[in-house]
Amino acid sequence: MINSIKFTSPKYAVLLILIAAVVVLAFSLLSSTNLSEEGVKDSKSRFTIFTYFSHHKNTDYLLNADIPWHKSNAGTFNLGSHQHGVIKIMPRRTELTGASEELKIVLSKNNIFTQASLSYQINATPYTEPMKSSTKDAKILSIAIPKNASTEPLFILVSGRYLRGDIQILNTQEFTDYIKLTSIQDGLYFGFAALIFTLSLISYLLFRHAIFLKYATLLASISLWIAAGEGWLTYLMPDFTHQPFFTANSLGLLFFISFALFSYDYLKLNKQQPQLGCILKRCQLILSIIWLSYCLSFNSAEPTLYQIIYGCALLVCFIILTTSLTAAVLSYKSEHKHSLFYISALCVLFLCSIISGLSMTSLIDYQVKWTLIKIGSVLDMTLLTTALMYWYRQSLSHISDEQTHRKNLQYKLAATEQQLADKEKQLSITESNNSLCPHIAKVVSVLEHTLYIKAAGNYSTVFYQNADGIQEMLVDTNIQAIENSIAITKLARCHKSYLISLNTGFHLHRRTSADYDLVFNQVHVPVGRKYLKEIKPIFSDYGSRTPSKSGY
């Protein structure tokens, strides 16, 4: 099938994909940057945000002035291993004087599905109100700031280990724009992923190569992983999202399993790097066991055990990435240029993983959202899709070269067969007309038993074998006349003074670093350097030097 499809070059398809990727990336970066910058700017102009985390629930945050509050310049928070947290919002009265628009506190968080509430006091009377979900997956919570409490400190109570998120203070229009732009950004991303996924399936149906199907599986796994992380699966399939198979953790494991599967086939580790391929296979098996254990013990395992398994899974994923990167570098050094795209995609994946890890451990003051993962995956899709097209082009070029080589061999074979036919015809005429040259007829009479013929001036000596052993016969004709009269299917020139029979079991042996002999039953016939190139393909058994009786 692949031979019947002709593409001049994949450069136009690559250009189209690059343009689509640039559009998605530009919009994602601009929208996410504008949203975060505007939200943080408004929060800074209207409020100052502080955070405090602890392992025990704090109930005296309203009156306790000794709490070590930590100022959050970017409006982000990360509970880490702490169970409880309090976010303190201090209004700036000069900015709120005369403000008439309703302001909302918007809390965006990760997949830790715990509740959050707003606490404040008016005239020394405390009030607590739960924050309401603004999306179906409860990842964006919001609450309106009470008018009579807009000049007092506000407190947001959160809980849940490893809860991460950010706080923004927005008016109604800004909040509506926030939801709209987030939805458009997601629509562009999933539309791009669906386009590449469809092209991969079409490529598999056209070319019947497993690499395209494995790439489509990789694209499906990362798209579902991000969809689960952002809550789209909850919105689209509310009845199935309570199953462990559709959680972000489960789909993340499946992504790395499919990534290892794709890497194994794309880098051809079974042939080029079998040891690294074995490591990837074992990592796939371990991740599959972890994934199955996670699904079977969903919401029933102890938190400590869950964290240990989670850490093991991260370690295995890191081994998969490093092993794949090592294999790609070795493949590139072996002149497999398509590995360069794969190396670039892995570097993007490594960068996103490192930033996410540093953010999760609070080592950097940066709130990682799914936007970063989406931007990284768009870059990876672009690079890997370009790599597959480059690989396809190389495959077509290789097939074309093989076809050209095959045609040349067929042409040479036809020419050689014609030469053989002419020689056999010449031999037939010679054998049927012995009167033309009686001396040649004497050679033909013992040709089937001839070992070799040696020149002796204007004479020739025929060495042949019969029941009494090796015999010699002197004929009154030179060796050149014998060569011209007898077909090349019977004799071959191996030396200026020797013709060798092709019907015997001679083997080619090296006598010195540059000299060879043809050997049969302790008989050595020298091979001239001029004739070595033609003799080697006929007598292909190259042995070591074996000193024995020489035939010359």
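As a reminder, the structure under discussion sits directly above these lines.
Source: prediction; values computed, not measured.

Trainee: Looking at this structure, how should I read the sheet that holds strand E12 (residues 450–456)?
Mentor: Across a sheet, paired strands are connected by hydrogen bonds in the backbone, their directions being either parallel or antiparallel. Sheet architecture is open: five strands sit in the order E14-E13-E12-E16-E15, paired in antiparallel fashion. Two strands in the sheet have a free side with no partner beyond their single neighbour: strand E14 (469–475) and strand E15 (491–495). Across the sheet, the mean angle from the axis of one strand to that of its neighbour is 25 degrees, orientation sign disregarded. Here E12 runs beside strand E13 (residues 459–466); their pairing, made up of six bridges, is antiparallel.

Trainee: Honestly, the sheet that holds strand E5 (residues 103–109) in this entry has me stumped. Any pointers?
Mentor: If you walk across this open sheet you meet the five strands as E3-E11-E5-E9-E8, and the pairing is antiparallel. The sheet is open, and its two edges are formed by strand E3 (76–78) and strand E8 (132–133), each paired on a single side. In this sheet, strand E11 (residues 164–171) lies alongside E3 in antiparallel orientation, the contact comprising three bridges. Residue pairing in the sheet places Asn78 in a bridge with Arg164 of E11.

Trainee: Looking at this structure, how should I read a nonpolar patch on the surface?
Mentor: Together, Leu195, Leu199 and Ile202 give the surface a local cluster of nonpolar side chains, amounting to about 240 Å² of exposed area. Tracing the chain through its elements places Ile202 in helix H3 (residues 172–207). Judged by relative accessible area, Ile202 falls into the partly exposed class, the value being 42%.

Trainee: What should I look at first to understand helix H7 (residues 274–296) in this one?
Mentor: Every α-helical turn comprises 3.6 residues, leaving residues that sit three or four positions apart pointing alike. Along its 23 residues, H7 runs 33 Å from first to last C-alpha, staying within 8% of the 33 Å computed at 1.5 Å per residue. Burial in H7 covers these residues: Leu276, Gly277, Leu280, Cys283, Gln284, Leu287, Ile290, Trp291, Tyr294 and Cys295.

Trainee: Explanation requested: the pattern of salt bridges in the structure shown.
Mentor: Note on pairing: side chains with opposite charge can pair once their charged atoms come close. Under the definition given, this model contains five salt bridges. In this structure, Asp517 and Arg511 form a salt bridge, with 2.9 Å as the shortest nitrogen-oxygen distance. Residue classification places Asp517 among the buried residues on the basis of a relative accessible area of 3%. Judged by its relative accessible area of 28%, Arg511 is partly exposed.

Trainee: Hey, could you run me through helix H4 (residues 210–230) in this one?
Mentor: Taking 1.5 Å per residue as the helical rise, H4 with its 21 residues ought to reach 30 Å, and the 30 Å between its terminal C-alpha atoms agrees with that figure. Within H4, 15 of the 21 residues are buried, which leaves it mostly tucked inside the rest of the structure.

Trainee: Hey, could you run me through unusual backbone geometry in this one?
Mentor: For residues besides glycine, phi is generally negative; the peptide bonds are generally trans as well. One non-glycine residue with positive phi stands out, namely Arg208, at about 55 degrees. Note on placement: Arg208 falls in the loop between H3 and H4. Positive phi outside glycine occurs at Gln522, with the angle close to 70 degrees.

Trainee: Just checking my understanding: could you explain the environment of Ile257 for this structure?
Mentor: Note that Ile257 resides in helix H6 (residues 248–266). Under the relative-accessibility criterion, Ile257 is labelled buried at 15%. When the C-alpha atoms of Ile257 and Gln284 are compared, they prove to be 5.4 Å apart, with 27 residues separating the residues in sequence. Excluding residues within four positions of it along the chain, Ile257 makes contact with Gln284, Leu287 and Ser288.

Trainee: What am I meant to see in the packing of aromatic side chains here?
Mentor: How two aromatic rings sit relative to each other is given by the distance of their centres and the angle of their planes. Within this structure, the stated rule accounts for 16 aromatic pairs. Measuring from ring centre to ring centre gives 6.2 Å for Phe259 and Tyr342, while their planes differ by 15 degrees; the resulting arrangement is stacked. One end of the pair, Phe259, is in helix H6; the other, Tyr342, is in helix H9 (residues 339–360), with 83 residues separating them in the sequence. Each member of the pair, Phe259 together with Tyr342, is buried. Judged by centre distance (5.5 Å) and plane angle (50 degrees), the ring pair of Phe506 and Phe520 falls under tilted. Separated by 14 residues along the polypeptide, Phe506 in the loop between strand E16 (498–501) and strand E17 (507–510) and Phe520 in strand E18 (residues 516–520) bring together distant segments of the chain.

About the criteria used
- Residues numbered from 1 in each chain as written.
- Predicted model: local features only at pLDDT ≥ 70, side-chain atom pairs only at ≥ 80, totals over all residues.
- Heavy atoms only, no water.
- Pairing = 2+ DSSP bridges.
- Helix = DSSP H or I, 4+ residues; strand = E, 2+ residues; numbered from the N terminus.
- Axes fitted to C-alpha atoms, helices over the stretch in contact; angles between N-to-C directions.
- Patch = residues over 30% accessible without salt bridge, like charges linked within 9 Å, V, L, I, M, F, W, Y side chains within 5 Å.
- Areas by Shrake-Rupley, 256 points an atom, 1.4 Å probe, with all protein chains shown as cover.
- Salt bridge = Lys/Arg side-chain N within 4 Å of Asp/Glu carboxyl O.
- Buried < 20%, exposed > 50% of the residue type's maximum accessible area, 1.4 Å probe, protein only.
- Expected span 1.5 Å × (residues − 1).
- Contact = heavy atoms within 4.5 Å.
- Phe/Tyr/Trp six-rings, centres within 6.5 Å; stacked < 30°, edge-to-face > 60°.

Geometric values such as these leave the question of function open.
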